[in-house]
Structure formats: structure tokens, C-alpha cells
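Residues per chain, in single letters:
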Amino acid sequence: MAKIEIKNLNKDYENNDGSILHAVKNASLTVNDGEVVVIIGPSGSGKSTLLRTVNSLEKAQGGHIIIDGVDIMDPSTDLRKIREEVGMVFQSFNLFPHLTVLDNITLAPMKVKKMKKAEAEKLAMELLKRVGLEDKAKQRPGQLSGGQQQRVAIARSLAMKPKAMLFDEPTSALDPEMIKEVLDVMVELAKEGMTMLLVTHEMGFAKAAANKVVFMDGGEIIETGTPDEMFENPKSERTKEFLNHIL
Amino acid sequence: MEEKNKNTEEGIKKEYLKKKPVSVEAHQIPTLSMTDGVLIPNKKNKHIVTSWRITFYGAIILLACLCLFVTKTNSKGVTTHPYWEIFKFTIQGAPTTFQVTIFAIIGAVIIGTATGLGSVSKNKIVNGICGIYVELIRGIPLLVQLMFLYFALGSIIHLEGIVAAIIAFSICFGAYMGEIIRAGIQSIPKGQIEAAKALGLTKSQVFWYVTLPQTIKVVLPAIGNEFISMLKDSSLVSVLALSDILKRGREYISRTFMSLETMLIVALIYLIFTLILSKLVGMMEERLHKNG
């Protein structure tokens, strides 16, 4: 398992008209080994960007991201190696539509970790069983519901045996009745001690599984605390206002 | 940054639409039909299937009737089937027509893949070269290009007519193919590449296992279409002294002066070939859809 430290991170975008948008401003955050940290905040607050910088899908301009003592902002760091160790689950699932569910899961272990096919398939079936979809192995992603697709996507990430997992609004694209099946898998993962950093609007999940909740607004981390502190007794006015809107 | 993402995404889409000269059948994107080729019959469009049937069977029956039932008795009292004679003579050009088309489509796919990859490349020089190539080719009439390349190639190295024609066709169609491949690559959602990267795949693994298979699926029908277009355009090689179907027809005319009859048969032969091919492309499209 892993520890993720984000120190004074900055990320700017250049808009089409040439103006600069500060997506993340001087953000610092630590996810300890086995901890579950949930980032909440209004749309456009930089929470997804912050998450995506952790496995370098977005390049930050300043600051440090240290995963198990390795600074990924250091140009000599092999980003691919980091990505191998940090799983990511996306809002839009991003399963590979041309591959079966089984092949989606075995692709990375076989190509990246050079695992044998039989071994990879055995692992994939175990993971599918874990997310309750062992009977869907031979189907294509397009034949599955959104909730099932997202569970396959989680299994696909887990197949790389990551030390930590990133979730970028994993339930935002799902119909309400499918959210629970995905959250159940995530809660299970959290209980097993996976280090998790999430962006989500599921306050129920935050209350049930998170060790820490981080509130972001305008690219800044406004407040950090335990779920109880944050939801019952937020310190900042902006946090209060945001929570009033969503709770 | 969702907002910002949206902006860049929109930017990319705009860029994409601006550069997009051919439409490629992608999953969700509604497309305004394809190229200048024939309409592709698929089950969803009853209207095209019906017109395909009428045209196809009409052409077959007309050709059969002309060949079998039209007779002519000459001054010596010998009865012949003139259309059958024409058909036998012109159809001998079909191997040349298909040879040029098949080899040229292979060449065009190779050149097109290189151009398509070059057009999406981040390397400005490669990008520029591909862009110039495409603009250059698309701005010059095919017949002019063909004759130019044929004579240019002929003056540098001695090539057999058919080889020169295939090379010239490959270069001409490679530009269009490049645009198809580029549009195909760009139609793959960004999330696919991100997901593959996030799993730890290297750049080339992402390309081979994620981008390429999906691109092939998207571009195959369009390539089929290009094949049909090329089969028709291959009649242009008749100016290069290759005996394809059209050239055989013209030879026949110069011998017998039966212009109308000969051109009717030539037209019917081309029509039947393209209709069969459009049906095959339609069937391929359907299979691709079925397999998700």
C-alpha cells in the first residue's frame, strides 16, 4: 500500500483566448497508507484536475506529488511505472468497447506485467467474482449496464494490483439505482485497506468509508477534516454554503 | 476544471470538424453520408435497399437479355449476337481493372495510414508535410495527377504501365485515405487513451491494443467506399494505354464503330460490379455493428 503526498501543487490552463485559468492553487494534501480521502466541491473547483495530476494524466506546473517517496514531478521519474501502481476509475468507465469484459481486465496484466494468459484470466475471473460479474466475462462492455461497466472498470484497475486507487466521480454517470452496486464495491475496497483518493458527490459514501474529507473551491483546498467534522460542523462559510446546497 | 476541460474538448471538436472532409461512421456521431461513391444498402434504410435491388436486378436482366436475345444477320446471312461479342471482348479488361484497384487500395491504405498518423502527430514538421501532401493532391484533378505521375515516373525510371498506374493511384488516393484514417483516429474518445495510459500501457501499446483496433472498425466501411470509388475511377487508366474494361470497349468501338452498344455494355459491367461491392460493404458494416 502507498502513501500519497501532494505538496504546494499548482496547475494552470491556458484558455483558448490566451487567458490563464488557475485550476489548482497551491494545494497540499496527504493520503496516508490505507486511508480513504474524499474530495468534494462545486463544479469547476479543480478537484478532478487535482486527482488527475496524481497519475500525471494532467501535468502540474509546480509543486510535488510524492508517491511512496518517489516524486512524480521529477522529470527522471518513470510515469508509466507510477501509473502501473496507481489505479484509476473514470466517470465514463472508459472500458475498451472492442474487447470482451475478460480481455479488458487481462490486457494490462498481460502486456504490462507480462503475465501468462491463463494466469491473467484466472485473476480476472477472481476479480469479476469479487465485483459480482463472473457471468459477464464473455460479454462486450456495450452489453452491460452502466453500473456493471463501472464494476468491470474497477476490476480492470485492480488486476494491476495497484497500491492506491483514484476515483474520478465514479458514480456521476450512473442511474440512481445503479449507484449502490458500485458504492458497495468501493466500500468493500476501503475496508480491505486500499489507499483511495476520490472525487465524489456521494456523501453517504464519504460518511461510511472516508477517513478524511477535503473541500475544494476555486482551485484551493478550503478545508480538510473527518467526515463528522466536515458535515456536522464545517468551519468555513464556503463549505457550509456548499453542504447546504447538496445535503 | 470540468469547465476548462469542456472548453478544450470543444476546441478539439471544432478543430476536428473544420478539418474533416470525409465523414466516418462512428458509433454515436450522426454522419451525413459518405463519399462520392454509391449508396451503401443496409437493413435500416429500406429505401436504399429497394433501389439497390431494382437497379441490380434490372442491370443483370438487361445485360442478359441484350446478350442472349439481340441478334444481327450480316450480308452473308450469318446470325450473330453482337452484344454477347462486345461483352466477351470488354470483360477481358476486368482483370486489369481489378488488379489496379486492389493493389492501389493496398498502396493507398499504407500511404493513408502513414499520412493519417502524421496528421495527428505532434511533430510539426511531419504534420506539415502530411498537410501539404493532402492539400496538394486534393486540389488537382485525378486525371491530371495520373497523367503527370505516369509520365513523371516514366521519365525517371522505366516502369511497366500497370505498375506506374498503381503507384499513381496509390499516391492520389492515399491523400483521401489519410483523411479517413485521421478522422478515424480522432473519433476515438480521449478517455480510451487515458484509461489505457492509466493502466500503465506504453505509448505504443496504447496505439496497438486500444487506438488501432477501434480505428480499424471505424474506418473499414469508409475504406470499402473508397474501394468502390477507386474501381470506378480506375477507368481513367484507359488513357494510360492499359487495357481495362473501358479501354477494351474503346478498342472494340474503333474496330466496329458500334459506339452506343459497346458503351452500354461497358456501363452495365461497371454498374454491376459497383453494386455488388456496395452490397458487400453494407454487409460488412452490419457485421461490425453487430459485434459492438
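Everything that follows concerns the structure shown earlier in this document.
This report concerns the structure included in the present document. Just so you know, these numbers come straight off a predicted model, no measurement behind them.

What counts and how
Note that residues are indexed from 1 along each chain, following the sequence as it is written. As a convention, the first chain written is A and the first ligand written is 1, with the rest following in written order. Restriction of local features to residues with pLDDT of at least 70 applies here, the model being predicted, together with a cutoff of 80 or more for giving and counting side-chain atom pairs; totals for whole chains, interfaces and linings are based on all residues. Each side-chain value is derived from all of the structure's non-hydrogen atoms; neither hydrogens nor water enter the calculation. Burial classes: relative accessible area under 20% of the type maximum marks a residue as buried, over 50% as exposed, and values in between as partly exposed (1.4 Å probe, protein chains only). Numbering of helices and strands starts at the N terminus; helices are DSSP runs of H or I of at least 4 residues and strands are runs of E of at least 2. In this context, the arc is that of the directions from the helix axis out to the C-beta atoms. What makes two residues a contact is simply this: any of their non-hydrogen atoms within 4.5 Å. Within 3.5 Å is the distance limit for a polar contact, defined as a pair of N or O atoms, with the added protein rule that one can donate a hydrogen and the other accept it, and that residues adjacent in sequence qualify only through two side-chain atoms. In this description, buried area is defined as the sum, over both parts, of the accessible area (probe of 1.4 Å) that is lost when the two are combined. Salt bridges are defined as contacts in which a side-chain nitrogen from Lys or Arg sits within 4 Å of a carboxyl oxygen from Asp or Glu. Each residue is assigned to one class: nonpolar for Ala, Val, Leu, Ile, Met, Phe, Trp, Tyr, Cys and Pro, charged for Asp, Glu, Lys and Arg, and polar for all the others, Gly among them. For the purposes of this analysis, a disulfide is any pair of cysteine sulfur atoms at a distance within 2.5 Å. Strands are labelled as partners when DSSP assigns at least two bridges between them.

### Considerations on helix H9 (residues 237–246) of chain A
Residue and element names in this part refer to chain A.
Reasoning step 1: Every buried residue belonging to H9 is among Thr239, Phe242 and Leu243, and all of these are buried. Within H9, the buried residues cover an arc of 95 degrees as seen down the axis, which keeps them to one side. Facing away from the buried side of H9 by more than 90 degrees, the exposed set consists of Glu237, Glu241, Asn244 and His245.
Reasoning step 2: Buried-residue contacts for H9 involve strand E3 (36–40), strand E9 (212–217), strand E10 (220–225) and helix H8 (227–232).
Reasoning step 3: Sitting at the amino-terminal end of H9 is Ser236, which places a side-chain oxygen 3.0 Å from the backbone nitrogen of Arg238.

### What to know about the interface of chain A and chain B
Reasoning step 1: Taken together, the contact pairs 38 residues of chain A with 25 residues of chain B.
Reasoning step 2: Together chain A and chain B conceal approximately 2,600 Å² of surface at their shared face, both sides included; 59% is due to carbon and sulfur atoms.
Reasoning step 3: The largest per-residue losses of area from chain A upon contact with chain B belong to Arg83, Phe96 and His98 of chain A, which jointly make up 20% of the total buried on that side.
Reasoning step 4: At the junction of chain A and chain B, the tally comes to one salt bridge.
Reasoning step 5: Glu194 of chain B is paired through a salt bridge with Arg52 of chain A; the nearest N and O atoms lie 2.5 Å apart.
Reasoning step 6: At the surface where chain A touches chain B, the tally comes to six residue pairs in polar contact (both at pLDDT 80 or more).
Reasoning step 7: Every element with two or more residues in the side of chain A that touches chain B is listed here: strand E1 (4–14), strand E2 (20–31), helix H1 (47–54), helix H2 (79–85), strand E6 (86–89), helix H3 (101–111) and helix H5 (146–158) of chain A.
Reasoning step 8: Examining the composition of the side of chain A that touches chain B, we find that four residues originate from one element, H1 of chain A, more than from any other.
Reasoning step 9: Residue composition of the side of chain A that touches chain B, grouped by class: 14 nonpolar, 12 polar and 12 charged.

### Quick word on the state of the cysteines
All names here are of chain B.
Reasoning step 1: Inspection of the entire model under this criterion finds zero disulfides over all chains.
Reasoning step 2: Among the cysteines around Cys130, which has no disulfide bond, Cys172 carries the closest sulfur, lying 16 Å off.
Reasoning step 3: Among the residues examined, Cys130 registers a relative accessible area of 10% and is labelled buried.
Reasoning step 4: Relative accessible area serves as the criterion here: at 0%, Cys172 is assigned to the buried category.

### Describing the pairing of E9 of chain A
Residue and element names in this part refer to chain A.
Reasoning step 1: Burial within E9 is extensive, with six of its six residues counted as buried.
Reasoning step 2: Neither face of E9 is open: one carries Lys212, Val214 and Met216, the other Val213, Phe215 and Asp217, and all of them are buried.
Reasoning step 3: Note: E3 against E9, four bridges, orientation parallel. Considered in E9, the bridge of Val37 is made with Lys212.
Reasoning step 4: With five bridges joining them, E9 and E10 adopt antiparallel strand pairing. From the neighbouring strand, Val214 faces E10, where its bridge partner is Thr224.

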